[in-house]
Amino acid sequence: MQVRAAVIPAAGLGTRFLPATKAVPKELLPIIDTPALQLIIDEAVGAGIDRIVIVTSPSKPSIEAYFEPSDEVLSKLRSTGRHALAKRLEAIGRDVQVTFVHQHAPLGLGHAVACAADVIGDEPFAVLLPDELMGDSSLLDQMARLCESTGGSVVGLKRVPMQEVSAYGVIDPSTEMDASGVVQIRTMVEKPAIEDAPSDLIIIGRYVLTPDVFAELEHVQPGSGGEIQLTDALRAQAAKGPFHGVLSNIARYDTGTPLGWLSAVVNIALDDPAIGEEFGRFLRSRVS
Ligand code: UTP
């Protein structure tokens, strides 16, 4: 079955980015002039997704507002000849069907994914964490095709120095990694001590999951802070059937913290054909 749907969990509190996130959801923080959330949607569309479920919170109404038509702005842009920008605004949400579901309390990533169960139904789906930006759609595309061919869930992977593993979900591979970065996964451990970590491969914010994960999530007991962890449901899936990881070397930015967001903006701006050159000159003048 083809992977056509995606869930974007965006109901968290964004505490690492306060006070900005008091009024602006971190998913809408701009990467130059585009909300991070839009870049995540573009990545999904590039991997063949045409149906997106955004899990949001009633306290973050601006996420839904971003997708609403903006007639007044559009007519202003047209009357002043800014047709290209008007077209860009009109295209928001056009190439993909966007549905919203509310998570009423931030009870963890697993709980956020479970909130999308009824809308997703009985088909495989991608999960994209919107505070991790990828350079392009290639990783998600490879993961989706792998899920389609194996019939099992797939997670995105990153290799980190061993002394950093304790902050992440770490996989226990059951095979060598092949030339395209694919590895079979036996199980995974959340935030292990360095000496207990089964590898230096951590799970990043890209998943392609088979729908049986919803049944597994129903059995997950809340962990620390009362949160339902997605990793617990993934571990149950890995124990029952094929489960793979894909390591990719495309660019990846963690935009959930001020430093990560700033690094993403600087890197992306330097490559931007419209402003990159001038911005590069400015940066050089500041650091020289
Ligand atoms: P994070 O833990 O990075 O986001 O979750 P957060 O909780 O908003 O941020 P901090 O740690 O307080 O700064 C990864 C993604 O999962 C979503 C978040 O919105 C974020 O995009 N999420 C997390 C939910 O939708 N619901 C939750 O209960 C938890």
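Just so it is clear, the model here is predicted, and its values are computed rather than measured.

**Some thoughts on the overall build of the chain**
Then, in step 1: Within the chain one finds 11 helices and 13 strands.
Then, in step 2: Here the C-alpha radius of gyration of the chain, 20 Å, is about what a compact globule of 288 residues would show, namely 19 Å.
Then, in step 3: In terms of overall dimensions, the chain has C-alpha extents of about 60 × 50 × 35 Å along its principal axes.
Then, in step 4: Here the chain, with 288 residues, has 45% of them falling under the buried criterion.
Then, in step 5: Of the roughly 14200 Å² of accessible surface on the chain, a fraction of 54% belongs to carbon and sulfur atoms.
Then, in step 6: Once the 24 positive and 37 negative side-chain charges of the chain are each reduced to a mean point, those two points are 6 Å apart.

**A word on the packing of helix α3 (residues 71–79) against helix α4 (residues 83–90)**
Then, in step 1: Relative to each other, α3 and α4 sit at 160°, their axes nearing to 8 Å. It follows that α3 is roughly antiparallel to α4 by the angle criterion. The handedness of the crossing between α3 and α4 is left-handed. Residue-level contacts link Val73, Leu74, Leu77 and Arg78 of α3 to His83, Leu85, Ala86, Leu89 and Glu90 of α4.
Then, in step 2: Among the residues forming the contact of α3 with α4, the class breakdown is six nonpolar, one polar and two charged.

**Focus on the nonpolar core**
Then, in step 1: The biggest cluster of nonpolar side chains holds 44 residues, and the ones touching the most others in it are Leu37, Ile52 and Ile54.
Then, in step 2: Elements represented by at least two residues in this core include exactly β1 (5–9), α1 (36–46), β4 (51–56), β6 (125–128), β7 (132–134), α7 (138–150), β11 (201–209) and α10 (258–270).
Then, in step 3: At six residues, α7 tops the list of elements feeding residues into this core.

**Observations concerning the layout of surface pockets**
Then, in step 1: When its volume is computed, the largest pocket comes out at roughly 1200 Å³.
Then, in step 2: Considering the residues around the largest pocket, the lining is formed by 40 residues, among which Arg16, Leu109, Leu129, Asp131 and Glu132 are closest to the centre.
Then, in step 3: Secondary-structure elements contributing two or more residues to the lining of the largest pocket are α5 (109–114), β11, α9 (230–240) and β13 (252–254).
Then, in step 4: The greatest single-element share of the lining of the largest pocket, amounting to five residues, is contributed by β11.
Then, in step 5: Roughly 290 Å³ of internal volume is contained in the second largest pocket.
Then, in step 6: Of all elements in the fold, only α1 and β7 reach the threshold of two or more residues within the lining of the second largest pocket.
Then, in step 7: No other element matches the three residues that α1 contributes to the lining of the second largest pocket.
Then, in step 8: Residue classes in the lining of the second largest pocket are distributed as seven nonpolar, three polar and four charged.

**As for the pattern of salt bridges**
Then, in step 1: Counted by the stated rule, this structure contains 17 salt bridges.
Then, in step 2: Across the pair Arg88 and Asp33 runs a salt bridge, and its minimum N-O distance is 3.3 Å. Of the two residues, Arg88 is situated in helix α4 and Asp33 in the loop between β2 (30–31) and β3 (34–35); the sequence distance between them amounts to 55 residues.
Then, in step 3: Taking the relative accessible area as the measure of exposure, Arg88 reaches 43% and is therefore partly exposed.
Then, in step 4: Of the residues examined, Asp33 reaches a relative accessible area of 52% and is grouped as exposed.

**Re the packing of α10 against helix α11 (residues 276–287)**
Then, in step 1: Packing of α10 against α11 leaves a shortest axis separation of 7 Å and a crossing angle of 125°. By the angle between their directions, the pair α10 and α11 is classed as oblique. Side by side, α10 and α11 meet where Val266, Ala269 and Leu270 of the first sit next to Gly276, Phe279, Gly280 and Leu283 of the second.

**Things to note about the site of the ligand**
Then, in step 1: The ligand sits among 18 residues. The nearest are Ala11, Thr15, Arg16, Gln103 and Gly108.
Then, in step 2: Gly12 places a polar main-chain atom, nitrogen or oxygen, 2.8 Å from an oxygen atom of the ligand.
Then, in step 3: Between an oxygen atom of the ligand and a side-chain N or O atom of Lys26, the distance comes to 3.0 Å.
Then, in step 4: Here the ligand loses 83% of its free accessible area of 560 Å² to cover by the protein chains.
Then, in step 5: In this structure, the ligand is accommodated by the largest pocket.

**Quick look at the side chain of Glu216**
Then, in step 1: Tracing the chain through its elements places Glu216 in helix α8 (residues 213–219).
Then, in step 2: For Glu216, the contacting residues outside a window of four places in its chain are Ala233, Ala236, Gln237 and Lys240.

How each quantity is defined
- Residues numbered from 1 in each chain as written.
- Predicted model: local features only at pLDDT ≥ 70, side-chain atom pairs only at ≥ 80, totals over all residues.
- Heavy atoms only, no water.
- Helix = DSSP H or I, 4+ residues; strand = E, 2+ residues; numbered from the N terminus.
- Rg over C-alpha atoms; globule rule 2.2 N^0.38 Å.
- Buried < 20%, exposed > 50% of the residue type's maximum accessible area, 1.4 Å probe, protein only.
- Areas by Shrake-Rupley, 256 points an atom, 1.4 Å probe, with all protein chains shown as cover.
- Lys, Arg positive; Asp, Glu negative; His and termini not counted.
- Charge placed at Lys NZ, Arg CZ, Asp CG, Glu CD.
- Axes fitted to C-alpha atoms, helices over the stretch in contact; angles between N-to-C directions.
- Parallel < 35°, antiparallel > 145°, perpendicular 65-115°, else oblique.
- Left-handed = near helix turned anticlockwise from the far one by under 90°.
- Contact = heavy atoms within 4.5 Å.
- Nonpolar A, V, L, I, M, F, W, Y, C, P; charged D, E, K, R; others polar.
- Core = buried A, V, L, I, M, F, W, Y, C linked by side-chain atoms within 4.5 Å.
- 1 Å grid on protein atoms, 1.4 Å probe; cavity = no way out; pocket = protein on both sides within 12 Å on 5 of 7 lines; lining within 4 Å.
- Points joined across faces, edges and corners; volume = space filled by probe spheres on them.
- Salt bridge = Lys/Arg side-chain N within 4 Å of Asp/Glu carboxyl O.
- Near = heavy atom within 4 Å.
- Polar contact = N/O pair within 3.5 Å; in protein donor to acceptor, adjacent residues only side chain to side chain.
- Sits in = over half its atoms within 2 Å of the grid points.

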